[in-house]
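What follows is the residue order along each chain.
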Amino acid sequence: MNDRQGLDMIDHHRALIYTMVLASASDGDMTDAELHTISENVRFLPAFRGFNVEELTEVASECTELLADPEGLEKTIAAIKMSLPKPLRETAYMLACEVVASDKRASQEELRMLEIIRHGLDVDRLTAAALERGARARHVTG
């Protein structure tokens, strides 16, 4: 198997969306709040300029299909890492944190997935802590 672990290179839009889907699907329950956050991120963040939002559902489905493979998580993380330069790896981690924070509770599975994503994308612990705190702060209500 090649260094990409069998996956074709994906574009950075797909890589970022895959990261959000990993975070959302990690506990087996993609909540309305998480889906809304994914949609809003894709619609409004500069990293998604040029992406056709009409393709979001299709791209999310691609990711869930990849995860059905026994080695799907490892292959997906590897494809994400290969497709993103370092600054966008931090963006990907931030997006995953946003998705987890969006429903105001983080399950053990979601926290474990954030750890897997952080390690898989080589996001250092200090940077990760800042991104996690920022995501929590953005989702605090009254």
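The structure this text deals with has already been given above.
All residue numbers refer to positions counted from 1 along the written sequence of the respective chain. Local features in a predicted model are, by the rule used here, given only for residues with pLDDT of at least 70; side-chain atom pairs are given and counted only at 80 or more, and totals for whole chains, interfaces and linings are based on all residues. Neither water nor hydrogens contribute to the side-chain values; these are computed over all heavy atoms in the structure.

J.: Would you mind going over the overall build of the protein chain with me for this structure?
T.: Regarding its fold elements, the protein chain presents seven helices and zero strands. In this text, helices come from DSSP runs of H or I with a minimum length of four residues, and strands from runs of E with a minimum of two, each type numbered from the N-terminal end. Along the chain direction, N to C, the helices and strands of the protein chain fall in the order α-α-α-α-α-α-α. Viewed in the frame of its principal axes, the protein chain has a C-alpha envelope of about 50 × 35 × 30 Å. Working definition: with a 1.4 Å probe on protein chains only, accessible area under 20% of the residue-type maximum means buried, over 50% means exposed, and in between means partly exposed. The buried share of the protein chain, reckoned over its 142 residues, is 45%. Excluding contacts between residues fewer than 6 apart, the proportion of contacts in the protein chain whose partners are at least 24 apart in sequence is 79%. Of the side chains in the protein chain, 16 bear a positive and 25 a negative charge, and the two mean positions are spaced by 7 Å. Any two residues whose heavy atoms approach within 4.5 Å are treated as being in contact. The positive count covers Lys and Arg only, the negative count covers Asp and Glu only, and His and the chain ends enter neither. Lysine's charge is taken at NZ, arginine's at CZ, aspartate's at CG and glutamate's at CD.

J.: When you look at the side chain of Ser107 in this model, what are you seeing that I'm missing?
T.: Inspection of the secondary structure puts Ser107 in the loop between α5 (86–101) and α6 (108–120). Only 3.2 Å separates the side chain of Ser107 from the side chain of Glu109, close enough to count as a polar contact. Two N or O atoms count as a polar contact when they lie within 3.5 Å, although within protein this holds only if one can serve as hydrogen donor and the other as acceptor, and sequence-adjacent residues are included solely when both atoms are side-chain atoms.

J.: Even after reading the chapter, I still don't get the side chain of Arg89, so can you show me in this structure?
T.: Checked against the element boundaries, Arg89 lands in helix α5. Salt bridge criterion: a side-chain nitrogen from Lys or Arg within 4 Å of a carboxyl oxygen from Asp or Glu. No salt bridge is formed by the buried Arg89; the nearest opposite charge belongs to Asp122, separated by 4.5 Å. There is a polar contact of 3.3 Å between the side chain of Arg89 and the backbone oxygen of Lys81. Beyond its immediate chain neighbours, meaning those up to four positions away, Arg89 contacts Lys81, Leu84, Leu121 and Val123.

J.: Help me understand the layout of surface pockets, please; the structure alone is not making it clear to me.
T.: Here the idea is plain: a probe the size of a water molecule rolls over the atoms and shows the empty space left. A cavity, in this analysis, means grid points on a 1 Å lattice covering only the protein atoms where a 1.4 Å probe fits yet has no way out; a pocket is instead an open set bounded by protein on both sides within 12 Å along at least five of seven lines, and a residue lines either one if it has an atom within 4 Å of a point. Grid points are joined across faces, edges and corners, and a volume is the space filled by probe spheres set on the points. Here the largest pocket is characterised by a volume of approximately 240 Å³. Together, 15 residues line the largest pocket, and Val100, Leu111, Leu114, Glu132 and Arg136 are the ones closest to its centre. Looking at the lining of the largest pocket, the elements with two or more residues in it are α5, α6 and α7 (125–138). Ten residues, namely Ala, Val, Leu, Ile, Met, Phe, Trp, Tyr, Cys and Pro, are considered nonpolar, four, namely Asp, Glu, Lys and Arg, are considered charged, and the remaining ones, Gly among them, are considered polar. A breakdown of the residues in the lining of the largest pocket according to their chemical character gives eight nonpolar, no polar and seven charged. In terms of lining, the second largest pocket is formed by His36, Thr37, Glu40, Asn41, Phe44, Leu45, Met94, Glu98, Arg138 and His139. Among the elements of the structure, α2 (32–44) and α5 are those that each provide at least two residues to the lining of the second largest pocket. In terms of residue count, the dominant contributor to the lining of the second largest pocket is α2 (five residues).

J.: Is there a simple way to think about the environment of Thr19 in this case?
T.: Mapped onto the elements, Thr19 comes out in helix α1 (residues 12–25). Taking the C-alpha atoms as reference points, Thr19 and Lys81, separated by 62 residues in sequence, lie 10.0 Å from one another. Thr19 has contacts with Ile80, Ala92, Ala96 and Ile117, leaving out every residue within four places of it along the chain.

J.: I'm lost on the packing of aromatic side chains in this one. Help?
T.: For any pair of aromatic rings, the description consists of the separation of the ring centres together with the inter-plane angle of the planes. Any pair of Phe, Tyr and Trp rings, taking the six-membered ring for Trp, is counted once the centres come within 6.5 Å. Such a pair is stacked with planes under 30 degrees apart, edge-to-face with planes over 60 apart, and tilted for the rest. If you walk through the whole model with that rule in mind, you get one aromatic pair. Judged by centre distance (6.5 Å) and plane angle (65 degrees), the ring pair of Phe48 and Phe51 falls under edge-to-face. Considered together, Phe48 and Phe51 belong to a single accessibility category, that of buried residues.

J.: Would you explain the packing of α1 against α6 in this entry?
T.: Two numbers describe a pair of packed helices, the interaxial angle and the distance between the axes. A fitted line through C-alpha atoms represents every axis, and for helices the fit uses only the stretch in contact; the resulting angles, taken between N-to-C directions, go from 0 to 180 degrees. At a minimum axis distance of 8 Å, the contact between α1 and α6 shows a crossing angle of 150 degrees. Taken together, the axes of α1 and α6 lie roughly antiparallel to each other. Residues Thr19, Leu22 and Ala23 of α1 lie in contact with α6, whose contacting residues are Glu110, Met113 and Ile117. Tallied by class, the residues present in the contact of α1 with α6 amount to four nonpolar, one polar and one charged. Under this scheme an angle from 65 to 115 degrees is roughly perpendicular, one under 35 degrees roughly parallel, and one over 145 degrees roughly antiparallel; angles in between are oblique.

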